[in-house]
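# Observations on the three-dimensional arrangement
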Amino acid sequence: MREMDPSSGEPSAISRRSFLKGATQVAAAGGIIGAAPASEQDAEVEPEVETLSGSASMELLVNGKSRSVEVEPRTTLLHALRNEMKPPLTGTKEVCGTGSCGACTVLIDGQPAYSCLSLAVTCAGRPITTVEGFGSADAMSDVQQSFCDKDGMMCGFCTPGFVVATHAALDRAPKASLDELKYELSGNFCRCGTYPHVFDAAQAVQKDRARGEDGR
Amino acid sequence: MSRPTSRPAASDPSWGERSDLDVLNRDIPRVDGPVKATGEAVYTHDVRLPDMLWARVLVHPVPRAEIESIDLEAASEMPGVVHIEALKEPGDTVRYLGDDAVLAVVAAETPDQAADALGAIVVQAKRLAPVVTPEQALEEGAPVVSRRRKADSNVGRANERGDEAVADAALAGAVAVVERTFEIPIQHHVCLETHGHVVQPAPDNDQVTVYASTQSVSGTPRGLARTLGRDASKIRVLTPHMGGGFGSKFGPGLEGALAARVANVTGRPVHLMLTRADEFAIAGNRSGSRQNLKVGADSDGRLVGLKLEADKLGGVSGGSLPGPPYIYTVTDGAAVFSKIRSVHTATDGSRAMRAPGHPQASFAMEAAVDELAYLLGMDLVDIRIRNLESAVHHRQLRRVAEEIGWADHPNRDRPGAAVNGRAVGIGFGVSVWGPGGRSSRCDVTVRPDGSVVSATATQDLGTGARTYVAAIVAEELGLTVDMVEARIGDSDLPPSVTSGGSVTTGSSAPAIKDAAHKAREGLEALLTDVLEAPVGSYVWKDGRVSVRGDASRSLPWIAVCALLREPLLAQGEFRDFLHEGRIHGAQAAKVEVDTLTGRVKVLKMVTCQDQGLPLNRLALRSQINGGMVQALSYGLLEQRVFDEQDGFLLSDNLDLYKIAGSQEIPEMVALIDDEDERPSVCGMAEAPVIPGHSAIAGAIHNACGARLTRMPFTADNVLETLYGKI
C-alpha cells in the first residue's frame, strides 16, 4: 500500500478532484482484479495517473489555523476533526453519523454543515469554524454566553452543534421571529428537551445585538 | 494535610428561611455552562489517550439465530487490528436482539480500521423465527424466548390484585362506564452520548482508570472489579461530563466489560462507545404495554370501580407498570381489580427510563377520566379534583388551567368539533413521584487562602448537580457560587448514589449541606476567640461573617480563612430531615388538530411542579421543560419498529426513530409551585415526564372527539380514529 506524499507542502496540494480521482481509480482497479489477469489490468492503467490508496496528508483550515491531518478519501470532516488532528478537536460531537441530529454542525465557508456528511477532502482550502472557533470558556462568544445565561443546555452533548447553528442562524436571519428561529434550528436535536431555553438564548442575543446596533 | 473537624456539630443544619437565601432558590447559571458551550467539556466519547485502541462490537442483525461459524481470519489480518475475539461458538444460539446478539469485539489502531475489521468478519448463521411482536410471542407453539427459569411460554406469571367480582359489581352499579384498550409502543432513551467507556489499564495491582458515561460513578468500580481482576478500590471511575442517561446507564453493561477485557488483554487503553445503531439494538428501552382498562363513576363523577388487564412489553425483561388506579382514588378501594403480566419477545430488555412505567399508566388512566367526564357532562378539571386526594394537585390543576386559558375555552365538559377542518382542544394530566434520599457523602475543604472545594463522587446527567454541589456551600458560608469549586464525577471522591428515580438531589444535597454546616461551625469555633461570640451566633453573608445582632464585630471571608493553620476538612453525610421525597405535578396541553390531514400541532404546554425548596430555579425550569418535551416526543413521534417477518430493527437510526425537534416545540410554561413551602429538598426529574402525552391525547379528544388509544399520535392514527380504517 503506497501513501501519497504531497510534494509541494502547500495546504491545497491535494485538490478534491485529484484526490477523488485517485480514490475512484483504486475502487475501479479493485473491481477488475477478479475479472482479468494482472498483466492485462496493468496495461489498462494510465501510466501518468498516480493510484492512491490508504491515507494521505492534507491541510484543513480550521478556526483560522492550517492543520495537518491524515485522511482517507472516505474520512468525514467530523472524524478528521475528532480523531485525526493533533491535538484533536472534540467539541464537535458525533451522535447519529447520518445527518439527522446536527450535533456535528460546523461552518464551512461560513455556512452551517453537518461535518458527519462532509468528506474531509472536499474541505481542503475552505475555512472551517468549529464550536471552539467561536470562543473559549474564558472568552465566550455572545451566543455561548447567552446559552449559559439562559440555561440553553442540560447534558450539553447537543450544545456545541446548537451553538454553531445559532451563530449561523443569527448571521443569516438576525431579525428572525421565534417561528423562523425554530425553522433555522430544526436541523439539531436535543434529547434533554432544552429547546425553550435555547430559543430564549437566541432571542436574548438578537436583543443584545440590536441594542448594540442602535447604540452605534 | 486536611483533617476532619473533630468537634461535634453544635446544631443541626437547616435550609433556613427562604427569605434569607442569597444563592439558592434563585436562577443560578450552571457552573459547567462555559465548558459545555465552548466544546471544552470532555465526555467519555471525547477521551483520547496515548496508544489508545478503538473497539467496536458486532451485533447480529436479527434477534434469533443458530450460529454455524464466525470466521475471524480475514478480519484479524486487516490493517491495524490488535485484538479480535468471537463471543459465540458454532452451535451457540442468539436468543434475543440485545447483549446476547453481540457476536464479536474488535480493537484496532483507528476507528476506521476497527469498523473495517468488523465488516470482514464472516458469520454463517441460520435464522430462527424472530418473535419480535407480542402476537408472535403468544402464538400457539411459539418458540420460548423468555429468560425465566423453566419457562414453557412467553407469558410471565400474572400479578393479580383485588377481587374481580367486587370490581365487576361496582362497575355494574356505576352511572357511567368507559372501557378501552390502549396500545403503548416501546420507547428508546436516545441518550445523545451512546453507552461506552474508555479503560486505561495499569500494571500489577495499580489503579485502573475508567472513563464511563454512567449514572453511577460510585457503583461502576464494583461492576468492573471481576472483569478487571482487582478490588473495586483499585478502579477509579471518572465521569466529568456525560451525555444523557435517562435510566439506561446504571451499570457498565456488556460494552463496559468488553472494554475492560480488551484493555486487560492488550495492556493498552481501549475506547469502546456503541454506535447509534448498536445503541438502538442493545442499550435498553422503556417498556411498552397493552392495557384494557374499564372504569366506572357515579353521577357525581366519583370513581367507583376499576378493572385493568395489562401486558407489559419489556422484551426479555419484565417491563414496568404501576397498579391502578394510577394517582386517582376509587371510593371503595376493594372495587379495584388488576391483572398485569409480562409478555416476552426476543428483543432488548427494558431498562429504567425516567419514571419507569408511569407514563404508560398515566396514558390509560387520564383517558378514562376524560371520557367519564364527557359521559357525565363534567368539567375536565372538576372531575380530576373530585378524584384526587391531594390538595396540592387541586391547586396545581387550577394553576395550569388558568395559565392555559381553560376558563375561556368552549369545550370544558364535552369534546368540540372542527370548524373548516380546524379544531383546538385542551387536556390535562397529573403526576406524583417519591424521590428517595439515601446514604451519600460530601467533603468540604476550606483552605487558609480562602479557597473552598466541595467534593462528592456524584454525576451530573444534565440536571445541574455540579452547580448545587457548589451553590449549597456558597449559601451556607455567605459566598458566591464562583468562590466554591465543585468536584464531582470521580469514584475516589466521597461516595454518592446511583442517579435513578430522582434520588440524586435528595441524597447529595443533604450531605453537601451537612458538610458545609460543619465547615461553618469549624470556622465559627476559630472565631470565638476573635469576635468573642459562641458557635452558632454568627451571620455569614456577602463574603463576611458578623456576630448576629452586632454588625460591628465582623470579618471578611479571607480574614476568617487566614485564621486557619491548615485546611479545614468537613465531612458531611446524608441527613434524612433535610430531605422529603413526595412530589406532585399537573400539566395542561393545548393542541390544534387538522381534521382533514390528521396533523396535530401542540400549541402550548404548562406544568406546575412542587419539590420543596428549589435549589436552582433556572435548572429546575430546564428539567420541567425537558419532561414536557420528552413527553411530547413520546406522544407525537416515537415508536420502535421491527420488521415482523425477518426481525430486523427498522428504526435503528434518528431518521426513522423520530424525536422532537425545534419545530415541534410549542410555547412552554414551567411553573414552580411556590406554595410548597416545605423546608426540604428532593429530586423531581421523573414527575414532569409522566403526564404530558396524556394531556396531549386529552387535548386531541377535547378538540375534535377523537380518543386516540394508540401512540404515537401520527396523522394516520388521528384520521383512523376520526373516520375509521380507510
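Nothing here was measured: the structure is a model prediction, and the numbers come from that model.

### Side note on the overall build of chain A
- From N to C terminus, chain A includes seven helices and five strands.
- For chain A, the succession of helices and strands along the chain, N to C, is α-α-β-β-α-β-β-β-α-α-α-α.
- Approximately 9,900 Å² of chain A is accessible, and the part contributed by carbon and sulfur atoms is 50%.

### Quick look at the nonpolar core
Residue and element names in this part refer to chain B.
- If you look at the biggest cluster of nonpolar residues, it comprises 188 residues, and the most contacted ones within it are Ile121, Phe428 and Ile696.
- When residues of this core are assigned to their parent elements, the largest contribution, 10 residues, is made by helix 9 (residues 358–376).
- With 48 residues, the next largest nonpolar core counts Ala470, Ala486, Ala515 and Val681 among its residues.

### Some remarks on the domain arrangement of chain A
All names here are of chain A.
- In terms of domain boundaries, chain A breaks down into domain 1 (16–133) and domain 2 (142–211).
- Across the boundary between the two partners, domain 1 contributes 16 residues, which contact 12 residues of domain 2.
- Carbon and sulfur atoms supply 66% of the area buried between domain 1 and domain 2, which totals about 1,000 Å² over both sides.
- In terms of surface lost to domain 2, no three residues of domain 1 exceed Lys93, Thr105 and Val131, which account for 40% of the buried area on that side.
- In this structure, the connection of domain 1 to domain 2 is made through zero salt bridges.
- Mapped onto the side of domain 1 that touches domain 2, the elements with two or more residues apiece are strand 3 (105–108) and strand 4 (111–114).
- For the side of domain 1 that touches domain 2, the per-class residue count stands at eight nonpolar, six polar and two charged.

### Some words on helix 16 (residues 692–704) of chain B
Residue and element names in this part refer to chain B.
- Here helix 16 is 13 residues long and its end C-alpha atoms lie 19 Å apart, about the 18 Å a rise of 1.5 Å per residue gives.
- By the criterion of burial, helix 16 is predominantly enclosed, with 13 of the 13 residues buried.
- Gly705 lies just past helix 16 and shows a positive phi near 85°.

### Quick notes on unusual backbone geometry
Residues and elements named next belong to chain B.
- In this structure, Pro325 follows Pro324 across a cis peptide bond, with omega equal to -5°.
- Look at the link from Met711 to Pro712: it is a cis peptide, with omega at -10°.
- With respect to the helices and strands, Pro712 occurs in the loop between helix 16 and helix 17 (715–723).
- At Asp204, a position not held by glycine, the phi torsion is positive, near 50°.
- Residue Asp204 is classed as exposed on the basis of its relative accessible area, which comes to 70%.

### A word on a nonpolar patch on the surface
- Residues B:Leu526, B:Val530 and B:Leu563 make up a contiguous nonpolar surface patch of about 200 Å² in total accessible area.
- Assignment of secondary structure puts B:Leu526 in helix 13 (residues 504–527).

### Considerations on the sheet that holds strand 25 (residues 583–594) of chain B
Residue and element names in this part refer to chain B.
- Strands sit in the order 17-25-26-27 across an open sheet of four strands; the sheet is mixed. A strand with exactly one partner marks an edge of an open sheet, and here the two such strands are strand 17 (422–433) and strand 27 (667–672). Put simply, the sheet's adjacent strands are angled 15° from each other on average, direction ignored.
- Against the sheet, helix 15 (residues 617–636) engages strand 25, strand 26 (600–609) and strand 27, with an angle of about 135° to strand 27.

### Considerations on the sheet that holds strand 7 (residues 122–127) of chain B
Residues and elements named next belong to chain B.
- Strand order across the open sheet formed by three strands is 5-3-7, with antiparallel pairing between neighbours. Strands at the two margins of the open sheet, each flanked by one partner only, are strand 5 (93–94) and strand 7.
- Pairing between strand 3 (residues 65–71) and strand 5: two bridges, direction antiparallel. Residue pairing in the sheet places Glu66 in a bridge with Thr93 of strand 5.

### Concerning the interface of chain A and chain B
- Taken together, the 51 residues of chain A in the interface contact 54 residues of chain B.
- Counting the surface lost from both chain A and chain B, the interface buries some 4,200 Å², and carbon and sulfur atoms represent 57% of this.
- Together, A:Met154, A:Phe157 and A:Arg191 form the three largest contributors to the area buried by chain A at its contact with chain B, with a combined 20%.
- The interface formed by chain A and chain B contains five salt bridges.
- Applying the counting criterion to the chain A and chain B interface returns 26 residue pairs in polar contact (both at pLDDT 80 or more).
- Contributions of two or more residues to the side of chain A that touches chain B are made by helix 3 (77–84), helix 4 (142–149), helix 5 (159–172), helix 6 (178–184) and helix 7 (195–215) of chain A.

### Looking at the environment of B:Leu461
- Along the chain, the position of B:Leu461 falls in the loop between strand 19 (452–455) and helix 12 (465–477).
- C-alpha of B:Leu461 to C-alpha of B:Gly243: the two residues are 218 residues apart in sequence and 6.9 Å apart in space.
- Beyond its immediate sequence surroundings of up to four residues, B:Leu461 is in contact with A:Cys155, B:Gln215, B:Met242, B:Gly244, B:Phe246 and B:Ser499.

Rules used throughout
- Residues numbered from 1 in each chain as written.
- Chains lettered and ligands numbered in written order.
- Predicted model: local features only at pLDDT ≥ 70, side-chain atom pairs only at ≥ 80, totals over all residues.
- Heavy atoms only, no water.
- Helix = DSSP H or I, 4+ residues; strand = E, 2+ residues; numbered from the N terminus.
- Areas by Shrake-Rupley, 256 points an atom, 1.4 Å probe, with all protein chains shown as cover.
- Core = buried A, V, L, I, M, F, W, Y, C linked by side-chain atoms within 4.5 Å.
- Buried < 20%, exposed > 50% of the residue type's maximum accessible area, 1.4 Å probe, protein only.
- Domains from an automatic or database assignment.
- Contact = heavy atoms within 4.5 Å.
- Buried area = accessible area lost by both parts, 1.4 Å probe.
- Salt bridge = Lys/Arg side-chain N within 4 Å of Asp/Glu carboxyl O.
- Nonpolar A, V, L, I, M, F, W, Y, C, P; charged D, E, K, R; others polar.
- Expected span 1.5 Å × (residues − 1).
- Patch = residues over 30% accessible without salt bridge, like charges linked within 9 Å, V, L, I, M, F, W, Y side chains within 5 Å.
- Pairing = 2+ DSSP bridges.
- Axes fitted to C-alpha atoms, helices over the stretch in contact; angles between N-to-C directions.
- Polar contact = N/O pair within 3.5 Å; in protein donor to acceptor, adjacent residues only side chain to side chain.

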